[in-house]
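Summary of structural features
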Amino acid sequence: DMQCTDVFHFCACRTEVRPRVARPFSVVVAIDFGTTSSGYAFSFTEDPETIHMMRRWEGGDPGVANQKSPTCLLLTPDLRFHSFGFAARDSYHDLDPEEARHWLYFDKFKMKIHSTSDLTMETELESVSGRRVRAIEVFAHALRFFREHVLKEVKDQSSSVLEGNEVRWVITVPAVWRQPAKQFMREAAYLAGLVTPDSPDQLLIALEPEAASLYCRKLHLHQVIDLSQRPIINGLDVEGSHPFDSSFRQAREQLRRARHSRTFLVESGTGELWSEMQTGDRYIVADCGGGTVDLTVHQIEQPQGTLKELYKASGGPYGAVGVDLAFEAMLCQIFGADFIESFKAKRPAAWVDLTIAFEARKRTAAPGRANSLNISLPFSFIDFYKRHRGQSVETALRKSNMNFIKWSSQGMLRLSAEAMNQLFQPTINNIIKHVENLMQKEEVKDVRFLFLVGGFAESPMLQRAAQNALGRNCRIIIPHDVGLTILKGAVLFGLDPTVVRVRRCPLTYGVGVLNRFVEGRHPRDKLLIKDGREWCTDILDRFVSVDQSVALGEVVRRSYTPARMGQRKIIINIYCSDTDDITYITDPGVRKCGAITLDLLESGAVAASAGDNDKGSAIERREIRTTMQFGDTEIKVTAVDVATGQLVRASIDFLSN
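What counts and what doesn't
- Residues numbered from 1 in each chain as written.
- Predicted model: local features only at pLDDT ≥ 70, side-chain atom pairs only at ≥ 80, totals over all residues.
- Heavy atoms only, no water.
- Pairing = 2+ DSSP bridges.
- Helix = DSSP H or I, 4+ residues; strand = E, 2+ residues; numbered from the N terminus.
- Axes fitted to C-alpha atoms, helices over the stretch in contact; angles between N-to-C directions.
- Contact = heavy atoms within 4.5 Å.
- Salt bridge = Lys/Arg side-chain N within 4 Å of Asp/Glu carboxyl O.
- Buried < 20%, exposed > 50% of the residue type's maximum accessible area, 1.4 Å probe, protein only.
- 1 Å grid on protein atoms, 1.4 Å probe; cavity = no way out; pocket = protein on both sides within 12 Å on 5 of 7 lines; lining within 4 Å.
- Points joined across faces, edges and corners; volume = space filled by probe spheres on them.
- Nonpolar A, V, L, I, M, F, W, Y, C, P; charged D, E, K, R; others polar.
- Parallel < 35°, antiparallel > 145°, perpendicular 65-115°, else oblique.
- Left-handed = near helix turned anticlockwise from the far one by under 90°.
- Disulfide = S-S within 2.5 Å.
- Phe/Tyr/Trp six-rings, centres within 6.5 Å; stacked < 30°, edge-to-face > 60°.
- Lys NZ or Arg CZ within 6 Å of the ring centre and 35° of its normal.

1. Remarks on the sheet that holds strand S34 (residues 646–653)
The strand order across the open sheet formed by nine strands is S26-S27-S25-S30-S31-S34-S33-S32-S29, and the pairing between neighbours is antiparallel. Single-partner strands in this sheet number two, and they are strand S26 (527–530) and strand S29 (555–560). Taking the axes of each pair of neighbouring strands and ignoring which way they run, one obtains an average angle of 35 degrees across the sheet. With eight bridges joining them, strand S30 (residues 569–577) and strand S31 (residues 591–599) adopt antiparallel strand pairing. Looking at the pairing, Lys569 lines up with Asp599 of S31.

Next comes the structure, spelled out in C-alpha cells:
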C-alpha cells in the first residue's frame with residue numbers, strides 16, 4: 001500500500017495555551033459510523049499531528065472515489081457474519097435470487113436508531129428480504145468488523161506491541177440523537193469487544209458536528225471552498241461569468257489530488273482561516289450526512305482555543321437518503337407500490353442494484369445540467385413487471401403521465417433535469433429551512449459563518465441552494481475533503497476530549513420529589529398524608545434546564561437515603577422534557593426517560609443483621625451522595641456513601657425504559 005508524501009499541513013498561527021493532557025493511551029481510533037458510508041482513522045499519541053486515514057478497500061462504485069465504505073452488512077441464513085461494505089454488496093448481488101431471500105442484507109440501518117422512540121436492547125431491524133434480527137447484533141457485527149481491520153492496520157504501522165487497553169476508541173453519533181441512542185452505540189461497542197464495560201473511559205462517544213467543528217477551526221484558506229459570489233481559491237479571485245462552476249472544477253481537481261494521500265498533518269493552534277476572515281470567532285456547522293442534518297453553533301474561546309456551544313443542537317432526519325426515498329416513491333407512483341414491495345421481497349439483490357445505480361447518478365446531479373440522467377433498470381425488473389402486470393415498463397411510464405421521465409430504447413429510465421430537481425427539493429428545502437430557523441435565534445443572530453460538512457455537502461445541488469438562500473447573510477465554507485471532515489475531527493476529539501468546554505443541554509432533566517404541601521399553591525390531587533404530615537407529590541426537582549450552558553466537569557449533587565432497612569438498591573426514575581416551564585412530572589410533555597440505580601449491597605451500605613440495634617438509627621439515615629455530569633457528550637453519574645466515604649456503584653440507564 002503506497003504511502004504518498006503529500007500531507008496536509010495546518011500551520012499554527014495562534015498557539016494554544018492549554019496544558020497537554022496526560023495520555024494513558026498510545027493510539028486513538030475514530031470510527032465514523034455513517035448512515036450511507038463508514039470509515040475509520042487513527043493517530044498515535046506520540047505524534048498527534050498526524051492522522052492516518054483508513055486503507056482503500058477492494059471494490060468501489062463508479063463515480064464514488066472515497067476512502068469510506070458503504071454501511072452495508074450481510075449475514076448468512078444462520079445469522080453469522082458474512083461481510084461488510086463493498087464485499088457485502090457484491091456478495092449479495094452474486095447470490096441466486098432464491099437463495100438471497102434467506103440471507104440478511106442491511107443497509108442504511110443507522111436511521112432506525114434515530115426514528116425509534118422507545119429504543120431498547122431488544123429493538124429489531126428488518127433486512128431487505130424481510131427477516132428480522134436484534135438491532136444491537138447488527139451494530140455489533142459492523143463494529144467488530146471495524147475493530148479487526150483497524151487493529152491489523154495499526155499494528156502494521158506501529159513498531160511496539162499494542163495492548164488492548166492502549167487504544168482509545170471514538171465512535172461518532174449525530175448531536176441530535178437522544179441519550180438512549182448514544183447509550184445504544186456504547187452497548188454495541190461493548191458487545192463487539194472494542195472495550196469492556198469495566199473501562200468505559202476507553203470509549204468516547206463523539207458528536208458528529210462537534211468533531212467537524214474541531215477540524216474546521218484548524219483549516220486554512222487553501223483548504224476550503226468559499227461559496228460567496230467571488231470564490232477565493234488559493235487566494236486568487238476567480239473571474240468569469242460562472243465563478244461558481246469554475247471554482248468547483250478547481251476544487252474537484254484538488255480533491256482528486258488530495259484523495260491519494262492517506263495521512264493528514266494537523267498542527268496545534270487555530271488555522272489562519274480565522275484571522276484572515278475577521279468575522280469573529282463564532283460559526284455554525286451544518287453536518288449534512290446520509291441520514292441526518294445536524295446543526296451546531298460554536299464560539300472559539302481565546303487564548304485557550306477551546307470551544308463553547310452557543311445554542312442546543314438541532315436538526316433532523318433530512319439527510320441525502322431523503323432523495324433516495326423520493327426516487328423510491330416515484331417508482332411506486334409509476335409502477336404501483338404493491339409491485340415495488342413484491343419486487344423487493346422476491347428479487348432483493350436486484351432491488352439493491354437499482355438503488356446503487358440511482359445513487360451513482362444522484363452524485364452527478366448539478367444545478368446547471370441540461371441533459372437527462374440515465375438509470376438502467378435491472379433486466380429482472382423489466383421481466384418481473386411484464387409477468388406481474390401483463391404490460392411493459394414502457395407502457396407503465398406512458399400511462400403514468402410523468403412527463404419528465406422517459407423510457408430509452410436501451411432499457412433505461414431517463415430522468416430530466418427537472419425530475420432530478422424534484423427529487424432533491426423536499427430534502428434540500430428542509431435543510432435550508434432548518435438553518436434559517438436557527439439563524440433567527442437570539443444567540444445565533446450575528447453569526448456570519450456557515451460550514452457545510454458531511455457527504456451531502458459534496459452535492460452541487462445543495463451547495464447552490466444554500467448559497468442562494470443563505471449567502472446574503474453569511475459566508476458559506478466547505479472544507480475540501482468534506483466527506484472525511486468528521487472522521488478527522490473525531491480523532492482530534494479522542495486526542496483531547498476537553499477541547500469542547502461548554503455545551504448546551506438538549507432537554508430539561510430531573511426527578512420527582514415530595515415537598516411540604518402548601519394550601520392554595522399545590523393542587524389537592526397531589527396531596528399525600530404520611531406520618532401525619534401533608535406532602536405534595538410529583539414535584540419536579542430539576543437537575544438541568546433545556547438550553548442551559550453546562551461546562552465540562554460541572555456537577556449536580558443530590559443526596560438520597562434508603563427508605564427501609566436492608567434495602568439493596570435505590571432506583572430513581574429520571575424525567576425529561578423539551579420545555580422548561582414545568583412544575584410536576586405529570587405535566588404534559590414530561591416523560592420518564594431513564595433511571596439511576598445505586599447499588600448498596602456491594603458498598604456495604606446495607607445494614608448488617610437486625611441485632612445491631614444500637615447502630616440501627618445511623619444506618620437507617622444512611623446518606624448516599626450522588627453526583628451527575630451533564631456537560632459531556634453522555635450523561636454520567638457517580639455516588640458515595642457519606643458515612644463511610646466509600647464509592648457506591650452507580651449506573652444510569654436510558655435503554656430499558
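2. Thoughts on the sheet that holds strand S6 (residues 81–84)
Pairing within the open sheet is antiparallel, and its three strands lie in the order S6-S5-S7. In the strand order of this sheet, the two ends are held by S6 and strand S7 (104–107), each with one partner. For this sheet, the mean inter-axis angle between neighbouring strands, taken without regard to orientation, is 15 degrees. Note that strand S5 (residues 72–75) and S6 share three bridges and pair antiparallel. From the neighbouring strand, Leu74 faces S6, where its bridge partner is Ser83. Strand contacts of helix H1 (residues 86–94): S5, S6 and S7, with the helix running at about 115 degrees to S6, the strand carrying the most contacts. Against the sheet, helix H4 (residues 135–157) makes contact with S5, S6 and S7, and its axis sits at roughly 65 degrees relative to S6, the strand it touches most.

3. Considerations on the pattern of salt bridges
Per the counting criterion, the structure on display carries 29 salt bridges. A salt bridge links Arg389 to Asp338, with the shortest nitrogen-to-oxygen separation between them at 3.0 Å. Of this pair, Arg389 sits in helix H12 (residues 379–389) while Asp338 is found in helix H10 (residues 337–346), placing the two residues 51 residues apart along the sequence. One salt bridge connects Arg622 with Asp641, and the closest N-O pair in it is separated by 3.1 Å. Here Asp641 lies in strand S33 (residues 636–641) and Arg622 lies in the loop between helix H17 (613–620) and strand S32 (624–629), a separation of 19 residues in the sequence. Classification of Asp641 as buried rests on a relative accessible area of 0%.

4. A short note on the layout of surface pockets
As a volume, the second largest pocket reaches approximately 1200 Å³. Around the second largest pocket, the lining comprises 38 residues; the ones closest to its centre are Tyr190, Pro200, Lys636, Val637 and Ala650. Secondary structure elements with two or more residues in the lining of the second largest pocket: helix H5 (179–191), strand S11 (203–207), S31, S33 and S34. Tallying contributions element by element places S34 first for the lining of the second largest pocket, with seven residues. Of the residues assigned to the lining of the second largest pocket, the class counts are 18 nonpolar, eight polar and twelve charged.

5. Looking at the packing of helix H9 (residues 321–335) against helix H11 (residues 348–362)
Interaxial distance between H9 and H11 falls to 11 Å at its minimum, and their mutual angle equals 125 degrees. It follows that H9 is oblique to H11 by the angle criterion. Note that H9 runs across H11; the crossing there is right-handed. Taking contact as the criterion, the partners of Val323, Asp324, Phe327, Glu328 and Leu331 in H9 are, on H11, Trp351, Leu354, Phe358, Glu359 and Lys362. Within the contact of H9 with H11, the residues separate by chemical class into six nonpolar, no polar and four charged.

6. Details of the state of the cysteines
Within this structure, the stated rule accounts for zero disulfides. Summary of cysteine pairing: Cys593 is not part of a disulfide, and the nearest cysteine sulfur, belonging to Cys576, is at 3.5 Å.

7. Looking at helix H16 (residues 485–495)
With eleven of eleven residues buried, H16 is to be regarded as a mostly interior element. Listed as buried for H16 are Thr485, Ile486, Leu487, Lys488, Gly489, Ala490, Val491, Leu492, Phe493, Gly494 and Leu495.

8. Concerning the packing of aromatic side chains
One pass over the structure, following the stated rule, counts 26 aromatic pairs. Note on Phe327 and Phe358: the rings are 4.1 Å apart at their centroids and 5 degrees apart in plane angle, and the pair reads as stacked. Remark: Phe358 occurs in helix H11 and Phe327 occurs in helix H9; sequence separation between them is 31 residues. A relative accessible area of 3% means that Phe327 is categorised as buried. If you follow Arg516 out to its NZ or CZ, it ends over the ring of Trp535, 5.2 Å from the centre. Here Lys526 stacks its cationic end above the ring of Tyr584, 5.3 Å away from the centre of that ring.

9. Description of the packing of H11 against helix H14 (residues 417–439)
Packed helices, taken two at a time, are described by the angle between their axes plus the distance between the axes. At their nearest, the axes of H11 and H14 sit 12 Å apart, and the two run at 95 degrees to each other. Comparing their axes, H14 and H11 come out roughly perpendicular. From H11, Phe358, Arg361 and Lys362 reach across to H14, where they touch Met420, Leu423 and Phe424. Within the contact of H11 with H14, the residues separate by chemical class into four nonpolar, no polar and two charged.

10. Describing unusual backbone geometry
Non-glycine residue Lys108 carries a positive phi angle of around 50 degrees. Here Lys108 shows up in the loop between S7 and helix H3 (110–115). Here the phi dihedral of Asp531 falls at roughly 50 degrees; this positive angle occurs in a residue that is not glycine. Among the structural elements, Asp531 can be located in the loop between S26 and strand S27 (533–544). Among the residues examined, Asp531 registers a relative accessible area of 77% and is labelled exposed.

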